[in-house]
There are 2 protein chains.
Amino acid sequence: MKIKNSFAELERRFAEIKDLQAGLSILGWDQEVVMPPGGAEARANTLAALTTVVHERTTARPLARLVNQLHGEREELKPRQRRALELARRTIKKATSIPAALAAEIARAESRGLEAWREARAKSDFSLFASTLEHMVTLKREVARLNRTKRSAPLYDALLDDYEPGATVEQVDELLGELSTLTTELVRHVARSKQRIDTSPLTQSYPADEQREFAREVVVAMGIDLSRGRLDLSTHPFCGGVGPGDVRMTGRYDPKDLRPGLFGAVHEAGHGLYEQGLDPARARSPLGGAVSMAVHESQSRLWENQVARSRPFWEHWLPVLAKRFPDVAKFSLDEFWRAVNAMRPTLIRVEADELTYNLHIALRYEIERDLIDGTLHVRDLPARWNEGMEQKLGIRPADDATGVLQDIHWAMGAFGYFPTYSLGNLYAAQLMEAAREALPELDAQVARGELLPLREWLFAEIHRHDQLYDAPKLIKRVTGKAPSVEPFRRYITAKVESVFGTVTVGGA
Amino acid sequence: MKIKNSFAELERRFAEIKDLQAGLSILGWDQEVVMPPGGAEARANTLAALTTVVHERTTARPLARLVNQLHGEREELKPRQRRALELARRTIKKATSIPAALAAEIARAESRGLEAWREARAKSDFSLFASTLEHMVTLKREVARLNRTKRSAPLYDALLDDYEPGATVEQVDELLGELSTLTTELVRHVARSKQRIDTSPLTQSYPADEQREFAREVVVAMGIDLSRGRLDLSTHPFCGGVGPGDVRMTGRYDPKDLRPGLFGAVHEAGHGLYEQGLDPARARSPLGGAVSMAVHESQSRLWENQVARSRPFWEHWLPVLAKRFPDVAKFSLDEFWRAVNAMRPTLIRVEADELTYNLHIALRYEIERDLIDGTLHVRDLPARWNEGMEQKLGIRPADDATGVLQDIHWAMGAFGYFPTYSLGNLYAAQLMEAAREALPELDAQVARGELLPLREWLFAEIHRHDQLYDAPKLIKRVTGKAPSVEPFRRYITAKVESVFGTVTVGGA
């Protein structure tokens, strides 16, 4: 076959795989957001059947032959085609290295894991979850063994690669290690500071429906196009769907607390803007889609923290909020801005502030790295968790539900996912510095409620490129520098100082 | 392979096909009910890809071999296994007779047909739809040619069989012919009668949200289990989902008219009860699912007309309605009951009363039968439609939108579907006579708001059997007689007489 025809055939086959994956995505959204309880069993069967089809299509011999042939002739391809080929090979290789029986076993273990985790969490008893988790760790170690590229590399690298292509334990240890040191210093500073933040501006009466309307107004101002997306309710907020034409963001609203609803909505809209900004023409090609979980998270964190916890943001939005919730009018901009920037060690990751959040991630990363490495046993997990919380945050959960059982990730077998949250924070800070350079009027724009210039910049620099570049290349391309902790250090230090007073590192 | 293993393998393969079809069903529901407009293109691709997979799985050679082997040894199977095998063979044969390229062409023609139809209807201009419809008719004639079992049989038989297995033009001509004669006589009687029905009780102020609550109350009283189903809004009400654990009914509510919302909800709940009443243990087997469209329609029509337009029904529900809509209190039970039984020729099928409805179907049936037969050309459709309306109902549409373009069926290529609506009306009457015999207290129960005894009877006699019996066998089994017009003649004549006075057939 001529190379042109071969490449077209590769694209055709990938388009079909992506079309089927889009079906999985909508079925998953439906399961979380609208499915009645009675649909659970049929849905599990449907997801398993469709997952099997996708696996079959991805590991089909003609596709493997095609990719090998094209790889041999890759010098004749255009650069974008070469990148598409590289991404396609990666996907195929990963799928092929896992025998169908193991893939099916993992799918079953995920369902069982979620079930056991839900029950264990409801009863706050880790022992009810231990044996299914143990099984999951065994399976994931096997996956890592089959997927790793070098025998000498840590097993965890192969899992991390599923969420953050190319990332390694070595890099993550370095970045997250530095980030931990920095965070610990700043947490100490906050603890020592005399500042007492009053968060009562956020815990007035905030009727849920009115909060939803306000959140909708904010995300539309961010540039979310609701003819290409939806906002719904779900217990666990997420952003799903089939970008860029059908992006589905969910949220939950607490009538006594503005934070989970509003910051959750802005966070998911950050993900949503990324998805809506992807190139529709590439949606079905191997190039289509987000670069990595950390880059995705950089978008949500950038909007949630760098924008929506900034003073300029509230200059515009506090009066708008006060129109809907008259009680809010009694608080000054400064009081409100300080309230949304309260920082103190807490037990629950998803409720953590932007400073202590990274310590929650550090703990999870170290634990899962060691579980996969084999140096930590599942039975020792609760003790390790509680000690880690004590050590890193100075607090100890009273029970498993608010401790080791709080997150869904391990139950789903998503080992390697957690570090991308902190990497996303680092990328967000690095990208925001570049945005500020490119948009000198940014703060003034945000203060006037003009969020679209930032959205356009993100679109042009990040979103529209799909997977043309991997994460480190993309960050380098946009910011001129390799990913590092420095921009986040500057950002978070300034934020902490502006709220809690000047930091003297090492001070008593 | 041993016959036991072969049969288990057949069940395994069918379970997978049904799991994938369940995915199609949910994706279709999503498309109608929640998908943002921007998702249309991706969804069309996903549905096409998944439809292709289902077709592939259904026509897979190993499955065909398995079925042939089992067919050869069928005497060794238990009766239920033989029936399952028969149903499986039928499905496989139908799928296999259509080349993949033709199936794909039809899928594309459906998408194009819907698009062209929507535009043509919006502009009320049939000429914008004619060429895509012509192409669809050509494709469907080809399907019929490939699918027909006897060369001498009318092509239309093969299409009818997709919706009403085993039904033929010969039978339908006879039943619907008789029904038309009966209906025409009664329509004349109504026209001659001095009775003037006041429908204003139904066109008071009926705020939509409150109507939805009332409809929910009614369908829950009918036995709809909302932990295994949903009620949503959509422009075109329908009942979809993945029965029996996940049944999705939709409706639309007109704040100025109680009818579309309430009777629509009861109608879809009739379908929904059937789906929820199917045996979960058989859901993934070839035996699982509804018998035919006419049997399905018999369930919705029975609840909508025989129950919800009866006087006992309103004895209970009128006071409940009046609590939500105080204006209603000024109407007597008799006034209200007469209003819901108003009968007069109108242009739109879905708004027609239970008498004239069957003339709408007769017109559509004759037209599509002749289109497929080749004796009617697409270009002559509007003229034929308007003449037919004049002839059958004595009224003529002023434009295509309220005439030949009003229904979605032909745009979707659903030729053979329309007659099942009238067959459903006949089955409903025949089943209701049997129900009355089995439940002598039925009217008194309904008058007390007790709808569950009827639901239980339908469950035991119809729902729980899935496809163990075909439609004529099922009707015979439940009612002791072959399907006929007689029960409906008795029912509708009595209804017309009770509203419009004694009928003297042939009187002046």
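Superposing chain B onto chain A requires a rotation of 180° together with a translation of 0.1 Å along the rotation axis, leaving an RMSD of 0.1 Å. A rotation of that kind, with that shift, is consistent with a two-fold axis. Comparing contact sets, 100% of the residues at the interface of chain B also lie at the interface in chain A, consistent with an isologous, same-surface contact.

Attention shifts here to the sheet that holds strand 3 (residues 246-251) of chain B. Residues and elements named next belong to chain B. An order of 1-3-2 is seen for the three strands of this open sheet, with the pairing classed as mixed. Strand pairing shows two members of the sheet lacking a second neighbour, strand 1 (229-233) and strand 2 (239-242), which therefore form its edges. If you compare each strand with its neighbour and ignore which way they point, the axes differ by 20° on average. Bridge count for strand 2 against strand 3 is four bridges, and the pairing is antiparallel. Following the sheet pairing, cysteine 239 is matched in strand 3 by methionine 249.

Across the boundary between the two partners, chain B contributes 34 residues, which contact 34 residues of chain A. The interface formed by chain B and chain A includes six salt bridges. Ionic pairing is found between aspartate 246 of chain B and arginine 43 of chain A, a salt bridge with its closest N-O pair at 3.6 Å. Our count for the chain B to chain A interface comes out at twelve residue pairs in polar contact (both at pLDDT 80 or more).

So, about helix 14 (residues 357-373) of chain B. With 17 residues, helix 14 of chain B should cover 24 Å at 1.5 Å per step; its first-to-last C-alpha distance of 24 Å lies within 8% of that length. Following helix 14 of chain B by one or two positions, glycine 374 of chain B has its phi on the positive side, about 95°.

Further remarks concern the environment of leucine 27 of chain A. Within the secondary structure, leucine 27 of chain A sits in helix 1 (residues 3-33). Owing to a relative accessible area of 0%, leucine 27 of chain A belongs among the buried residues under this scheme. Separated by 36 residues in the primary sequence, leucine 27 of chain A and leucine 63 of chain A place their C-alpha atoms 26 Å from one another. Filtering out sequence-adjacent residues up to four positions away, leucine 27 of chain A remains in contact with Arg43, Thr46, Leu47 and Leu50 of chain A together with Gly23 and Ile26 of chain B.

Residue and element names in this part refer to chain A. Across the sheet, three strands lie side by side as 1-3-2; this open sheet has mixed pairing. Of all the strands in the sheet, just strand 1 (229-233) and strand 2 (239-242) have a single pairing partner and so form its edges. Along the sheet, successive strands turn relative to each other by an average axial angle of 20°, direction set aside.

With that settled, the discussion passes to the domain arrangement of chain A. Accessible area lost on assembly of the parts is the figure often given for the size of an interface. All names here are of chain A. Domain boundaries in chain A define domain 1 (3-97) and domain 2 (200-342 + 420-465). The C-alpha centroid of domain 2 is placed 30 Å from the C-alpha centroid of domain 1. Facing the 16 residues of domain 1 at the interface are 17 residues of domain 2. For domain 1, the biggest contributors to the area lost against domain 2 are Lys18, Ile26 and Trp29; these three give 37% of the whole. Linking domain 1 to domain 2 there are one salt bridge. Here arginine 284 makes a salt bridge to aspartate 19, at a shortest N to O gap of 2.6 Å. The tally of links from domain 1 across to domain 2 stands at five residue pairs in polar contact (both at pLDDT 80 or more). Among the secondary structure elements, those contributing two or more residues to the side of domain 1 that touches domain 2 are helix 1 and helix 4 (79-97). With eleven residues, helix 1 is the largest single contributor of residues to the side of domain 1 that touches domain 2. By residue class, the composition of the side of domain 1 that touches domain 2 is nine nonpolar, one polar and six charged.

Reading guide: rules and limits
Residues numbered from 1 in each chain as written. Chains lettered and ligands numbered in written order. Predicted model: local features only at pLDDT ≥ 70, side-chain atom pairs only at ≥ 80, totals over all residues. Heavy atoms only, no water. Least-squares fit on C-alpha atoms with pLDDT ≥ 70 in both. Contact = heavy atoms within 4.5 Å. Pairing = 2+ DSSP bridges. Helix = DSSP H or I, 4+ residues; strand = E, 2+ residues; numbered from the N terminus. Axes fitted to C-alpha atoms, helices over the stretch in contact; angles between N-to-C directions. Salt bridge = Lys/Arg side-chain N within 4 Å of Asp/Glu carboxyl O. Polar contact = N/O pair within 3.5 Å; in protein donor to acceptor, adjacent residues only side chain to side chain. Expected span 1.5 Å × (residues − 1). Buried < 20%, exposed > 50% of the residue type's maximum accessible area, 1.4 Å probe, protein only. Domains from an automatic or database assignment. Buried area = accessible area lost by both parts, 1.4 Å probe. Nonpolar A, V, L, I, M, F, W, Y, C, P; charged D, E, K, R; others polar.

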